[in-house]
Every structure is written in C-alpha cells, then in structure tokens.
Amino acid sequence: MSTYAIGDIQGCFGPLQKLLEKIQFHPAQDTLWLTGDLVNRGPESLATLRFIKSLGNRQRIVLGNHDLHLLAVAHETHPGQKEDTFQDILTAEDRDELIAWMLQLPLLTHDAKLGYTMVHAGLAPSWDLAMAISLAEEVCGILKSDQAREFFKHMYGNQPNEWRADLTGWDRIRCITNYLTRVRFCHPDGSLELETKGKKEDRPADLIPWFDVPNRVNADLKIVFGHWAALGGITNTPNTFALDTGCAWGYCLTAMRLEDGERISVSCE
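Residues numbered from 1 in each chain as written. Predicted model: local features only at pLDDT ≥ 70, side-chain atom pairs only at ≥ 80, totals over all residues. Heavy atoms only, no water.

**Q** Quick rundown of the layout of surface pockets? Include the residues and the values.
**A** In this model, the largest pocket occupies a volume close to 930 Å³. Only α3 (65-74) and α8 (169-181) provide two or more residues apiece to the lining of the largest pocket. Among the elements that take part in the lining of the largest pocket, α3 stands out by supplying four residues, more than any other. (1 Å grid on protein atoms, 1.4 Å probe; cavity = no way out; pocket = protein on both sides within 12 Å on 5 of 7 lines; lining within 4 Å. Points joined across faces, edges and corners; volume = space filled by probe spheres on them. Helix = DSSP H or I, 4+ residues; strand = E, 2+ residues; numbered from the N terminus.)

**Q** Run through the pattern of salt bridges, naming residues and quoting values.
**A** Taken as a whole, this structure holds ten salt bridges when the rule is applied. Residue Asp166 is joined to Arg164 by a salt bridge in which the shortest nitrogen-to-oxygen separation is 3.0 Å. (Salt bridge = Lys/Arg side-chain N within 4 Å of Asp/Glu carboxyl O.)

**Q** Any details on the pairing of strand β12 (residues 263-267)? Residues and values, ideally.
**A** In β12, alternate side chains face the same way, and those of Ile264 and Val266 are buried while those of Arg263, Ser265 and Ser267 on the opposite face are not. Note: strand β11 (residues 252-257) against β12, five bridges, orientation antiparallel. Residue Ala255 lies in a different strand from β12, and its bridge partner there is Ile264. Hairpin connection, β11 to β12: the antiparallel pair is bridged by five residues, and Gly261 has positive phi, about 80 degrees. (Buried < 20%, exposed > 50% of the residue type's maximum accessible area, 1.4 Å probe, protein only. Pairing = 2+ DSSP bridges.)

**Q** Can you explain the side chain of Arg184? Please cite residues and give values.
**A** Secondary-structure assignment places Arg184 in the loop between α8 and β6 (185-186). From its side chain, Arg184 meets the backbone oxygen of His227 in a polar contact 3.3 Å long. (Polar contact = N/O pair within 3.5 Å; in protein donor to acceptor, adjacent residues only side chain to side chain.)

**Q** Can you lay out the environment of Phe225 for me, pointing to particular residues and giving the numbers?
**A** Following the sequence through the fold, Phe225 ends up in strand β9 (residues 223-225). A residue is classified by how much of its surface remains accessible, and Phe225, at 0% relative accessible area, is buried. On a C-alpha basis, the gap between Phe225 and Lys18 in space is 21 Å, while along the polypeptide they are 207 residues apart.

**Q** Tell me about the sheet that holds strand β8 (residues 208-209), and please be specific about residues and values.
**A** Taken in spatial order, the three strands line up as β7-β6-β8 in an open sheet, and their pairing is antiparallel. The open sheet terminates on both sides in strands that have one partner only, identified here as β7 (192-193) and β8. In this structure, β6 lies alongside β7, joined through two bridges in antiparallel fashion. By the bridge assignment, Phe185 is partnered in β7 with Glu193.

**Q** Pulling in residues and values, what's your account of the packing of aromatic side chains?
**A** Centre-to-centre distance and the angle between the planes together describe a pair of aromatic rings. Overall, the coordinates contain eleven aromatic pairs when judged by the stated rule. Relative to Trp163, the ring of Trp127 has its centre 5.9 Å away and its plane inclined at 85 degrees; by these criteria the two rings are edge-to-face. Taken together, the residues span a long stretch of sequence, with Trp127 in the loop between β5 (116-119) and α6 (129-143) and Trp163 in the loop between α7 (148-154) and α8 at a distance of 36 residues. On the basis of relative accessible area, Trp127 is assigned to the buried category, the value being 0%. Pairing Phe151 with Phe152 gives two aromatic rings, centres 5.1 Å apart and planes at 80 degrees, and the pair type is edge-to-face. Here Phe151 matches Phe152 in class, with each residue buried. Aromatic rings pair up to connect Phe185, Trp210, Phe211, Phe225 and Trp228 into one cluster. (Phe/Tyr/Trp six-rings, centres within 6.5 Å; stacked < 30°, edge-to-face > 60°.)

**Q** Could you give an account of the pairing of strand β4 (residues 108-111), with specific residues and numbers?
**A** Judged from the four bridges that link them, β4 and β5 form a sheet pairing that is antiparallel. Bridging across to β5, His110 finds its partner in Thr117. Remark: four residues form the turn of the hairpin made by β4 and β5, two consecutive strands paired antiparallel; Gly115 in that turn has positive phi of roughly 80 degrees.

Below, the structure written as structure tokens:
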C-alpha cells in the first residue's frame, strides 16, 4: 500500500496513464495525492477529470489556479482565454456533476501520519499549520456555498499582496487564495510578487522563492506543491517537494512516493 503525490497534470491524460502504469498504481490499495491544476493547457482535460473523480476516496486533491479558472468560466464570471483547453468539460453531458464535485475539493490537505502537507503553490511565510488549515477552509467554505459565483467575480487580481490578519471581505479571500494557488516569488518581508515567473536563478535581485523567505514559520512542515514548472522539481530547500515538472510543456510528469521519497517520472513528449 503506497501513497503517490503527482505534480500538475493539466489535462495530459496519456502521460498520467503511462505514469500510473510505471508506478504500478493499484486503486484498491494505493492512494494518489494530486497537487492541483488537473486541467487546462493539455489536450484531454475532460478525460483527466473524469478519471480522477472515478478514483473516489483513493485520491486527495488540492485545487490549483487553472482549476479555479475553469470554475470561474463555468460560472460565467470570466470569459476565458484563447489558450484555454478545457472546452470539452464545459460542453460535456456531465459538466454540472464535474463542476459540483470540483467545488467540494480543498485548497490544502495534511496527513499527520505521513507527515506531509500539500498545497498547489505555497504558503504565506507567517502561517503555521493551524492557521494555514483554517484559512484554506475559510475559502473552501465559500466555494461550497451559494457565494461561489461571487467569489469568482472577485478572485482575479494581485492585491492585497501581503497577508494581514485584519484583512476583510474579498480582499482577505483573494490574498489567501493567491498564496495557496499562485505564489512563486516573494519580497524578503514575505509579501507577494505575482508577475515574475521562470527560473529562480533568473529572478530580480529583490525577490526570493516563497520557500526561502527568512524566518518562515512553516519551515518545519514537509510541503508538497506544484505550480512552478521552471523549478524542474528541485528547490534545494529542506522540507519542500516541488512536483510540477512541466508535463503540459512537453517535459515530464512526476510522482513521489511519500513513504520513502522516491521519485518516478515519465516523458510527456
């Protein structure tokens, strides 16, 4: 019985099946942890979503920014972008069932026995585990409620760029969501910088990866995350496990067995 964490699939159903075959995944006894961005950019978002949903309690998922974008388009609060590749979901006969299921998914999962926490992108450096769980549940409570459509109306934007406990309203919810699903680089004080992407070696001098912010209070947590393909799966920072290895860009899809940390990848060419 094994638990495998897999990086961003983004609609790459073929490579996912190839990876599951390579790791000899047995749904009757093994469990998948998925770092989010299940859909978009790849060619088979619908097949990917249907398969993952079919796994039932053999999967644990966190929503990523591309998943939230799909939900916003499905709620008709965003027109979509020309590069989106999830139209197959929006026109599927089981569209409503799939969207309703996605709205129930978390933004953070933690397993005390395994000793891992999973998010899509990262955590604010001032959040300990209890606070991170509470804030993620605060957002998910809205997604599960009749306020979901209003959430998607206010989700997009880069401000406020710094977490403060006294934030209220949609500013508070947007800030929490951005740390959990969009963060890559921060300023040294831990505030968000959401425009810069790419390799950490190419960053402006005044920016640092979120996991390298000084005095990060969650540095003792073993954090599994995706989102940042340019890392190539490497952080060089203890207790951080980057698993997005650029499948949607033609690189590879990677799984990590949580029981021993072994990584297994397949080519996505």
